[in-house]
Amino acid sequence: MADKDEAVALLKSEDDIETKGKFTTSAQTLEKLFEVGSTEESMQNLKGMEGPNGVMQRLVVSKTSGVPTLDEFFGVDARKDAFGANTQVEREVASFWDLCKEQLGDRVLQILCAAAVVSMIVGSIDNPETGFIDGIGIFCAVFIVVLVGASNDYAKDRKFRALYAASERREVTVVRDGRIFGLSIFDLVVGDLIHINAGEKLPVDGILIEGNGLVIDESSLTGEPYPVKKGVPTFREARYPNPILYSGTEVIEGSGLMLTCAVGERSVTGKMRSRLTEESDPTPLQEKLEVLADDIGKGGLALAVVI
């Protein structure tokens, strides 16, 4: 018996040496807790991690003191390296010239440009002195349309980005180094403890570790019109409460303390934004409309040449 105890103690000491200075979980593992529409699977994954307390242990977080900000192995910088920062990689801003080229991709404008060329050639043959004027007039009209369209798109894009940045510029109440204070949502890291109250929008994915009648509106993600009650499970109940909290959802009632588990592009909201900024393939309807526009363009060009 003594030999067995010594062997167990030896294994524990070896594990301590192996994991010293390292988090005993990964960003990929934590992401599995936040699969929208797979609550049962998320709860089983959480149970496998020994519940909220087990997740806190793996993230080296104390419920009373929060993240040790200056710790060499488990401080803020180490958490950003291991789990990422709460920032979103934004789509590259299109230049004014790029917007002009996008405007020129319009089939109608291309037809007008072709018609202008034909008009200038035919007009110059018939009347070398003034026959090219009609073609130049068409080119000027196309130039104005492109310039106005690109200017409008450029201004709208800048205004949208400014409004989005202003809407996201807010603070939450966190616990770090045993202190409670306000912090910008862009400075949040995995392991941060956040105080949440009614009316607040959750900035990150996390799990509830303390709650008081917490009710969340998840309709923006799931489409379900009914708010969801949240609680802290011990996994000894016959039917344990759900502590999973998704970014982008809103607190309807109650208050609580949540443990940050996924930030930035690894959060549910971050993944959705990443998909929205990616270039999507054209739909079947768009492909058919493109073919129709090509046929109309070819027909119009042929008619213009004949006339």
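Look up: the structure comes first, before these words.
The model shown is predicted, which means the values in this text are computed figures rather than measured ones. (Residues numbered from 1 in each chain as written. Predicted model: local features only at pLDDT ≥ 70, side-chain atom pairs only at ≥ 80, totals over all residues. Heavy atoms only, no water.)

Undergrad: Talk me through the overall build of the protein; I want residue IDs and the actual numbers.
TA: Within the protein, the regular secondary structure consists of 11 helices and 7 strands. Counting every position in the protein, which comprises 307 residues, the buried fraction comes to 31%. Considering only intrachain contacts with a sequence separation of at least 6, the fraction spanning at least 24 residues in the protein is 69%. (Helix = DSSP H or I, 4+ residues; strand = E, 2+ residues; numbered from the N terminus. Buried < 20%, exposed > 50% of the residue type's maximum accessible area, 1.4 Å probe, protein only. Contact = heavy atoms within 4.5 Å.)

Undergrad: So what's going on with the side chain of Asn86? Residues and values would help.
TA: Note on placement: Asn86 falls in the loop between α5 (76-83) and α6 (96-104). Here Asn86 falls in the buried class, since its relative accessible area comes to 9%. A polar contact is formed between the side chain of Asn86 and the backbone oxygen of Ile185, at a distance of 2.5 Å. Polar side-chain contacts of Asn86 include one of 2.9 Å to the backbone nitrogen of Gly264. For Asn86, the residues in contact, after removing those within four places along its chain, are Ile185, Phe186, Leu188, Pro203, Val204, Val263 and Gly264. (Polar contact = N/O pair within 3.5 Å; in protein donor to acceptor, adjacent residues only side chain to side chain.)

Undergrad: Now, about the environment of Phe143: what can you tell me, with residues and values included?
TA: Inspection of the secondary structure assignment puts Phe143 in helix α8 (residues 133-168). Given a relative accessible area of 56%, Phe143 falls into the exposed group. Between the C-alpha atom of Phe143 and that of Leu104, which follows or precedes it by 39 residues, the distance is 9.3 Å.

Undergrad: Outline the side chain of Thr25, supporting the account with residue identities and numerical values.
TA: Mapped onto the elements, Thr25 comes out in the loop between α1 (2-19) and α2 (27-31). Of the residues examined, Thr25 reaches a relative accessible area of 13% and is grouped as buried. Apart from residues no more than four positions distant in its own chain, Thr25 is found in contact with Leu30, Met49, Arg58, Leu59 and Phe83.

Undergrad: Report on α5, specifying residues and quantitative values.
TA: Among the residues of α5, those classed as buried are Val76, Ala78, Arg79 and Phe83. One face of α5 carries all of its buried residues, which in axial projection span an arc of 160 degrees. The exposed set on the far side of α5, more than 90 degrees from its buried face, consists of Asp77 and Asp81. On its buried face, α5 sits against α2 and β1 (171-176). (Arc of directions from axis to C-beta.)

Undergrad: Can you lay out the nonpolar core for me, pointing to particular residues and giving the numbers?
TA: One finds Val55 and Leu259 to be the most contacted residues of the largest nonpolar core, which totals 42 residues. Residue assignment for this core shows that the elements contributing at least two residues are α2, α3 (39-48), α4 (51-58), β1, β3 (193-197), β4 (205-217), β6 (244-245) and β7 (250-262). Within the second largest apolar cluster, 6 residues are counted, among which are Cys100, Leu109, Val146 and Ala150. (Core = buried A, V, L, I, M, F, W, Y, C linked by side-chain atoms within 4.5 Å.)

Undergrad: Break down the packing of α3 against α4 for me, with residues and values.
TA: One can describe the packing of α3 onto α4 by two numbers: an axis separation of 7 Å at closest approach and a directional angle of 60 degrees. With respect to their mutual orientation, α3 and α4 come out oblique. For the pair α3 and α4, the sense of crossing is left-handed. Where α3 abuts α4, its residues Leu46, Lys47 and Gly48 lie against Gly51, Pro52, Val55 and Arg58. Across the contact of α3 with α4, the residue classes tally to 3 nonpolar, 2 polar and 2 charged. (Axes fitted to C-alpha atoms, helices over the stretch in contact; angles between N-to-C directions. Parallel < 35°, antiparallel > 145°, perpendicular 65-115°, else oblique. Left-handed = near helix turned anticlockwise from the far one by under 90°. Nonpolar A, V, L, I, M, F, W, Y, C, P; charged D, E, K, R; others polar.)

Undergrad: Any chance you could break down a nonpolar patch on the surface for me, citing the residues and the numbers?
TA: Together, Phe96, Phe143, Ile144, Leu147, Val148 and Tyr154 line one region of the surface with nonpolar side chains, adding up to about 540 Å² of accessible area. Residue contributions to the nonpolar patch peak at 5 residues, all from α8. Structurally, Leu147 can be placed in helix α8. You can call Leu147 partly exposed: its relative accessible area is 35%. (Patch = residues over 30% accessible without salt bridge, like charges linked within 9 Å, V, L, I, M, F, W, Y side chains within 5 Å. Areas by Shrake-Rupley, 256 points an atom, 1.4 Å probe, with all protein chains shown as cover. Salt bridge = Lys/Arg side-chain N within 4 Å of Asp/Glu carboxyl O.)

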